[in-house]
Amino acid sequence: GIARVPRPRNLHNFLGIAHASRERWAEAEDQFKAAVAMDPSYALGYLNLGSIYFRQKRVAEAEVLWRRTLEVAPGHPAALRHLAELEASRIEKPR
């Protein structure tokens, strides 16, 4: 049979994950941005872009992207979990 070729947005997402696994942040960012540019409703692209921002301590940007994930995919479990953990970390910090 004919092999299934991943949609371009998925290919960009896979490449972004590969770059992120090697901490090649700029390349990963470019790939995730390309994925959501191709499909502005692609929740996984926003989620992963937020995750690499968080790993770079770009917390405010990560939060915006995780909220965007929920806009395009209400109730997305990973986005909800990331935002809950972020909120919990803010509460736990001593004043």
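Residues numbered from 1 in each chain as written. Predicted model: local features only at pLDDT ≥ 70, side-chain atom pairs only at ≥ 80, totals over all residues. Heavy atoms only, no water.

1. Here's the deal with helix α4 (residues 59-72)
For α4, with 14 residues, the first-to-last C-alpha span of 20 Å sits near the 20 Å given by 1.5 Å per residue. Turning to α4, its buried residues are Ala62, Glu63, Leu65, Trp66, Thr69 and Leu70. Looking down the long axis of α4, one finds its buried residues gathered within 165° of arc, a one-sided arrangement. Counted as exposed and oriented over 90 degrees from the buried face of α4: Ala60, Val64 and Glu71. In this structure, the buried side of α4 is in contact with α3 (43-55) and α5 (77-92). (Helix = DSSP H or I, 4+ residues; strand = E, 2+ residues; numbered from the N terminus. Expected span 1.5 Å × (residues − 1). Buried < 20%, exposed > 50% of the residue type's maximum accessible area, 1.4 Å probe, protein only. Arc of directions from axis to C-beta. Contact = heavy atoms within 4.5 Å.)

2. A short note on the environment of Phe32
By the element assignment, Phe32 lies in helix α2 (residues 25-38). Among the residues examined, Phe32 registers a relative accessible area of 1% and is labelled buried. Contact partners of Phe32, with chain neighbours within four places excluded, come to Asn13, Gly16, Ile17, Gly45, Asn48, Leu49 and Ile52.

3. A closer look at the packing of helix α1 (residues 8-21) against α2
Their axes nearest at 8 Å, the elements α1 and α2 cross at an angle of 165°. In terms of orientation, α1 lies roughly antiparallel with respect to α2. Handedness of the crossing formed by α1 with α2: left-handed. Note on element contacts: α2 touches α1 through Trp25, Glu27, Ala28, Gln31, Phe32, Ala34, Ala35 and Met38, opposite Pro8, Arg9, His12, Asn13, Leu15, Gly16, Ile17, His19 and Ala20. Of the residues assigned to the contact of α1 with α2, the class counts are 10 nonpolar, 5 polar and 2 charged. (Axes fitted to C-alpha atoms, helices over the stretch in contact; angles between N-to-C directions. Parallel < 35°, antiparallel > 145°, perpendicular 65-115°, else oblique. Left-handed = near helix turned anticlockwise from the far one by under 90°. Nonpolar A, V, L, I, M, F, W, Y, C, P; charged D, E, K, R; others polar.)

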